[in-house]
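What follows is the residue order along each chain.
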Amino acid sequence: MHTPYTYGDEKFLIKWSAVIKRLVFNYDEAPLKNQFLFINLAHEKALIPLEDQLGNEVITDRLALAKFFSIEKKHPNAAKFTLCDVFLKGKSANDSLLCSSISGVPNVLFPAQLDANDQLEKPQLKVPFAMANYSSTDQGFFKIKLFQGKGYQAIPEVMYEKLQQKKIISNWGLHWDNHKPCFNSIIIDNKIRPENVFQKKEYPVVNLSELLILPEDVIVNDFIKNRIIVMGDFVSDQHQTSFGNIPGTFILLNTYLSLTKGFHIIKWSLMLYLIIALTLYARIVFFNTQNKITESKWLLRFIESVFLLSIISIGSYFLFNIAIQVLVLTVYTSFLLYIRKVKNEKIPIFKLKYWINNYLYPKQE
């Protein structure tokens, strides 16, 4: 549960548990609508020359960014926080102007990332930054890691510390949130999804160029004031999740919202639930002597373990937004069952052929 990646069975359970939780039980507590402003940077592009060869590359228009941050600089207490999900790589003619406009703006953050060799790749401009790495596979994105190693903090964690006035620390592989034990990797509860913003219009969203043509007082009072500003490319930066494709910027924001809900905290109620549930599971699996078929056939016992642990995992996800890794526990349980069979029947432990013939293909009674 502490690992930053998910297994295939865990992804399957997370996906369908999340769907059932929202569509069947209609449990979808949304954040306040006036708490955020989404600024789309998908159409704010500029060309800069390539550094190591002929030609040009496309980047986010830094002149437009500089105009926006110059407004924020004039009104430093207007926005609560500004997340600008733009990796500042390459050089443009407007770099000094952008750095000057950002300097002095409180609570602003840009992304950094780890390269293929796990080395920190910082923005090439002098701006506040934190890590934006998250693991994504062909089956989609489900978890994010807070401490990325070597003391690097993730963007959602920095937002959580600044906005909620709480501190997550790491000591000897253990993690604590205000003296409460917590996971370093959490399953993201995607409370804000593209359909909420773009189709249902539940949250204000605007293109940066459209915002900048408005009078400054309108921008500050009607759009920025008392809001968390979320800036990013909401079109091309897409990641597959249990709710379909979601922009990477939304993943960072939803991770922050998951932290505010305490989904990373290891609660006493979670520990009590796991102790009771896994004790009942062990009682059924290890001490069930009534059903001779499941007792004699390893495959049926394996399926039984998967079914029972899946129920436990779904219950844990519904109650605590934490999934149990079913496949790992099932393999572990099957190994213990094999050890018990070897001990009870006095089978030489290295006679694998004997075990295969008699355990997978039991004699008919």
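Here the structure is a predicted model, which is why all the values come from computation and not from measurement. (Residues numbered from 1 in each chain as written. Predicted model: local features only at pLDDT ≥ 70, side-chain atom pairs only at ≥ 80, totals over all residues. Heavy atoms only, no water.)

Trainee: Help me understand the sheet that holds strand β12 (residues 174-177) in this model?
Mentor: Taking strand neighbours across the sheet as the criterion, the three strands line up as β11-β12-β13 in an open arrangement whose pairing is antiparallel. Two strands lie at the open edges of the sheet, namely β11 (168-171) and β13 (180-182), each paired on one side alone. For this sheet, the mean inter-axis angle between neighbouring strands, taken without regard to orientation, is 40 degrees. Alignment of β11 against β12, held across four bridges, turns out to be antiparallel. Within β12, the position partnered with S170 by the bridge is H175. (Pairing = 2+ DSSP bridges. Helix = DSSP H or I, 4+ residues; strand = E, 2+ residues; numbered from the N terminus. Axes fitted to C-alpha atoms, helices over the stretch in contact; angles between N-to-C directions.)

Trainee: Explain unusual backbone geometry to me, please; I cannot follow it from the model alone.
Mentor: Excluding glycine, residues mostly carry a negative phi; peptide bonds, for their part, are mostly trans. Of note in the backbone geometry, H179 takes a positive phi value of approximately 70 degrees without being a glycine. Looking at where H179 falls in the secondary structure, it is placed in the loop between β12 and β13. Residue class for H179 comes out exposed when judged on its relative accessible area of 77%. Despite not being glycine, K201 shows a phi value in the positive range, around 55 degrees. Summarising the element assignment, K201 is placed in the loop between α5 (194-199) and β15 (205-207). Its relative accessible area of 59% is what places K201 among the exposed residues. (Buried < 20%, exposed > 50% of the residue type's maximum accessible area, 1.4 Å probe, protein only.)

Trainee: How should the packing of aromatic side chains be read in this particular structure?
Mentor: The full count for this structure, using the stated rule, is 11 aromatic pairs. Note on F69 and F110: the rings are 5.9 Å apart at their centroids and 40 degrees apart in plane angle, and the pair reads as tilted. Of this pair, F69 sits in helix α2 (residues 62-74) while F110 sits in strand β5 (residues 108-114), placing them 41 residues apart in sequence. Exposure class is identical for F69 and F110. Each is buried. Relative to F250, the ring of F198 lies with its centre 6.1 Å away and its plane at 25 degrees, an arrangement referred to as stacked. Taken together, the positions of F198 in helix α5 and F250 in helix α8 (residues 248-260) put the pair 52 residues apart, joining distant regions of the chain. Exposure remark for F198: the relative accessible area of 25% places this residue in the partly exposed category. (Phe/Tyr/Trp six-rings, centres within 6.5 Å; stacked < 30°, edge-to-face > 60°.)

Trainee: Would you mind going over the packing of α2 against helix α7 (residues 216-224) with me for this structure?
Mentor: Between two packed helices, the angle of one axis relative to the other and the distance separating the axes together describe the packing. One way to put it is that α2 packs onto α7 with a least axis distance of 11 Å and a crossing angle of 80 degrees. As the angle between them shows, α2 and α7 are arranged roughly perpendicular. Residue-level contacts link F68, I71, E72 and K74 of α2 to E216, I219, V220 and I224 of α7. Residues of the contact of α2 with α7, tallied by class, amount to five nonpolar, no polar and three charged. (Parallel < 35°, antiparallel > 145°, perpendicular 65-115°, else oblique. Contact = heavy atoms within 4.5 Å. Nonpolar A, V, L, I, M, F, W, Y, C, P; charged D, E, K, R; others polar.)

Trainee: How should I be thinking about helix α3 (residues 95-102) in this particular structure?
Mentor: An α-helix turns once per 3.6 residues; consequently, residues spaced three or four apart project the same way. The complete set of buried residues in α3 reads D95, L98, S101 and I102. Down the axis, α3 shows its buried residues gathered within 130 degrees of arc, on one side only. In this structure, the buried side of α3 is in contact with α2 and β5. Phi for G104, located one or two positions after α3, is positive at around 95 degrees. (Arc of directions from axis to C-beta.)

Trainee: Would you mind showing me how to read the side chain of R62 here?
Mentor: Its location among the elements puts R62 in helix α2. Exposure remark for R62: the relative accessible area of 3% places this residue in the buried category. Excluding anything up to four places from it in sequence, R62 contacts L88, K89, G90, K91, S92, N94, D95, L98 and L125.

Trainee: When you look at the confidence of the model for the protein chain in this model, what are you seeing that I'm missing?
Mentor: Caution is warranted with low-pLDDT regions, since their predicted coordinates should not be read in detail. Taken residue by residue, the protein chain gives an average pLDDT of 81. The fraction at 70 or more is 78%. pLDDT under 50 marks residues 291-295. Its contacts with residues more than four places away, or in other chains, come to eight contacts. (pLDDT = per-residue confidence, 0-100.)

Trainee: In this structure, what is going on with the nonpolar core? I would like to understand it.
Mentor: Within soluble globular proteins, side chains that are nonpolar tend to cluster in buried spots. Among the nonpolar cores identified, the biggest contains 49 residues, and F36, F38, I155, I192 and L253 are the most heavily contacted of them. Where this core is concerned, the elements lending two or more residues are β1 (36-40), β4 (81-84), α4 (155-164), β16 (228-232), α8, α9 (268-286), α11 (298-320) and α12 (326-345). Among all residues touching I155, those that are not within four sequence positions of it are L83, L109, F110, P111, A130, M131, A132 and L252. (Core = buried A, V, L, I, M, F, W, Y, C linked by side-chain atoms within 4.5 Å.)

Trainee: Can you walk me through the pattern of salt bridges in this structure?
Mentor: Between side chains of opposite charge, a pair can form when the charged atoms approach closely. Under the defined criterion, the tally for this structure stands at six salt bridges. Here K45 and D233 are joined by a salt bridge, their closest N and O atoms 3.5 Å apart. Taken together, the residues K45 in strand β2 (residues 45-49) and D233 in the loop between β16 and β17 (238-241) connect sequence positions 188 residues apart. (Salt bridge = Lys/Arg side-chain N within 4 Å of Asp/Glu carboxyl O.)

Trainee: Would you mind showing me how to read the environment of D233 here?
Mentor: Accessibility expressed as a relative area gives 14% for D233, which makes it buried. Residues D233 and C84 lie 149 residues apart in sequence; the distance between their C-alpha atoms is 9.7 Å. Of the polar contacts made by the side chain of D233, one reaches the side chain of K45; its length is 3.5 Å. Engagement of the side chain of D233 in a polar contact is seen with the side chain of S236, the distance being 2.5 Å. (Polar contact = N/O pair within 3.5 Å; in protein donor to acceptor, adjacent residues only side chain to side chain.)

Trainee: So what exactly am I meant to see when it comes to the packing of α2 against α3 here?
Mentor: Relative to each other, α2 and α3 sit at 20 degrees, their axes nearing to 8 Å. Here α3 runs roughly parallel to α2, going by the angle between their axes. As α2 runs across α3, the sense of the crossing is left-handed. Every residue of α3 that contacts α2 at R62, L63, L65, A66, F69, S70 and K73 is listed here: D95, L97, L98, S100, S101 and I102. Of the residues in the contact of α2 with α3, the class split is seven nonpolar, three polar and three charged. (Left-handed = near helix turned anticlockwise from the far one by under 90°.)

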